[in-house]
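Each chain, letter by letter, is given below.
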Amino acid sequence: MSSSISPLNTASDKLICDSLWTGATLVTMRDGSYNLIENGVLAVKDGKIAWIGSEEDSPKFVAGSRHHFEGGIVTPGLIDCHTHLVFGGDRSAEFEQRLNGVSYAEIAAQGGGILSTVNATRTASQKTLFEQARFRLAPLLAEGVTCIEIKSGYGLSDESELKMLRVIRELAETQPVRVKATCLAAHALPPEYHGRADEYIEHICQNLLPQVAAERLADAVDGFCEHLAFSPEQIERVFKAAKKLGLPVKLHAEQLSSLHGSQLAAQYGALSADHLEYATEQDVKAMAESGTVAVLLPGAYYMLRETQAPPVALFRQYGVPMAIASDANPGTSPALSLRLMLNMACTLFRMTPEEALAGVTCHGARALGLQQTHGSLEVGKVADFVHWPVERPAELVYWLGGQLPCTVVYRGDVRS
Ligand SMILES: [Zn+2]
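If you check an unreviewed UniProt entry, the protein chain appears there as Imidazolonepropionase from Ewingella americana. In its Function (unreviewed entry) section, UniProt records this for the protein chain: "Catalyzes the hydrolytic cleavage of the carbon-nitrogen bond in imidazolone-5-propanoate to yield N-formimidoyl-L-glutamate. It is the third step in the universal histidine degradation pathway." Under the heading Subcellular location (unreviewed entry), UniProt records this for the protein chain: "Cytoplasm".

Undergrad: Where do I start with the domain arrangement of the protein chain in this structure?
TA: Reports of interface size often rely on the accessible area that becomes lost once the parts have come together. The domain architecture assigned to the protein chain consists of domain 1 (13–75 + 376–412) and domain 2 (77–365). Using only C-alpha atoms to locate each centre, domain 1 and domain 2 end up separated by 31 Å. Mapped onto the side of domain 1 that touches domain 2, the elements with two or more residues apiece are β16 (385–388), α15 (394–398) and β17 (407–410). Of all the elements, α15 adds the most residues to the side of domain 1 that touches domain 2, at three residues. Counted by class, the side of domain 1 that touches domain 2 contains 13 nonpolar, six polar and one charged residues.

Undergrad: How should unusual backbone geometry be read in this particular structure?
TA: Most peptide bonds take the trans configuration, and most residues that are not glycine carry a negative phi. Phi at Arg-216 takes a positive value of approximately 50 degrees, unusual for a residue other than glycine. By the element assignment, Arg-216 lies in the loop between α6 (197–214) and β11 (220–225). The residue Arg-411 is not glycine, and still its phi comes out positive at about 50 degrees. Mapped onto the elements of the fold, Arg-411 is located in the loop between β17 and β18 (413–414).

Undergrad: When you look at the sheet that holds strand β5 (residues 48–54) in this model, what are you seeing that I'm missing?
TA: As a general point, the strands of a sheet are linked pairwise by backbone hydrogen bonds and lie either parallel or antiparallel. Here four strands make up an open sheet; going across it, the order is β5-β4-β1-β6 and the pairing mixed. The strands lining the two open edges of the sheet, one partner per strand, are β5 and β6 (61–68). Between one strand and the next, the sheet's axes are offset by a mean angle of 25 degrees, whatever the strand orientation. As judged from the four bridges shared by strand β1 (residues 15–22) and strand β4 (residues 40–45), these two strands associate in the antiparallel manner. Counterpart to Ser-19 in the pairing with β4 is Val-44.

About the cut-offs
- Residues numbered from 1 in each chain as written.
- Predicted model: local features only at pLDDT ≥ 70, side-chain atom pairs only at ≥ 80, totals over all residues.
- UniProt positions renumbered as here; feature names shortened; annotations may be inferred.
- Domains from an automatic or database assignment.
- Helix = DSSP H or I, 4+ residues; strand = E, 2+ residues; numbered from the N terminus.
- Nonpolar A, V, L, I, M, F, W, Y, C, P; charged D, E, K, R; others polar.
- Pairing = 2+ DSSP bridges.
- Axes fitted to C-alpha atoms, helices over the stretch in contact; angles between N-to-C directions.

Below is the structure:
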């Protein structure tokens, strides 16, 4: 076995790497498929995958460290490409009230709903928001997430949106996970702009986004295109402002009704359109043409007891890549497990386990513009991967909840 090679042996026919990983089946997820390599060998150098293949084809390596798994599978690190992990408070009390028969109207009259989260986020200190987000991030990391997107959108004022984005940056700088930050100021209308949605949109475009760009606080700009949020015309103004600042866009679209926000997103070359329960064939065609990823969020579908599933068959037919994410947020998807979302995507949306796994690896990477560096086990990509002591990849999707034991490798090193 390869572990018999001395690390001091530097004969010229041997390749030098920092670490060598053997003994498991590699689930590469290349091109969105399992693309298995049995008896896999994976060599890491400078935090990237330097060689990958089967033991039979493997050259001899001089390795800084050797790690032999007794079976099991290795997948790319999981990518959660749509979350709202930073927010003040939580809404478990509302959840309980609703199930005890209190109506939405009564809860709203008490200041509940999204505005309660906005208030709690505005009054919380940066330190409190950071600690609460870290608490929610921990279970995601424990189950193999190595890359996560986090949105602002509960501040809805310059000061509080910037505070949220700074918390996201602090998470990026301190936590062992790749973080992509998204500015979602166009999430809901702040109470002080009641009846003046156009003015709020104007403020985002003229004041907030330039500050966000100047401080490099966001990697993308997002919005919520819906009757209860913003119209396609208002979202388009945000997209134009983002484009002017060189920021890519994404959109919450077609979640509750069909406004064709996803076509607008496609028109602006959006990285992704997200939710999409009410997307039409025209929407799907437009997304296919622009290469916009469909991010599907089964947690919100489940919590809202929605009955119209996103048009998975159309996404397949037109070749639109489908990503899956937790949408972790206090109102409609308090999800702290991405693996549970895989099961829900299969059970509720009838995706296959292979499609679901592609949704949190290679297509999740594409939804964040990271497809060149993340999302599959290929030479040159960042060495983020997870070993699972299971026999086949479908098990990651099949087991309902719980915490599967796993070894997470982040940028070439085992993450503790
Ligand atoms: Zn969302």
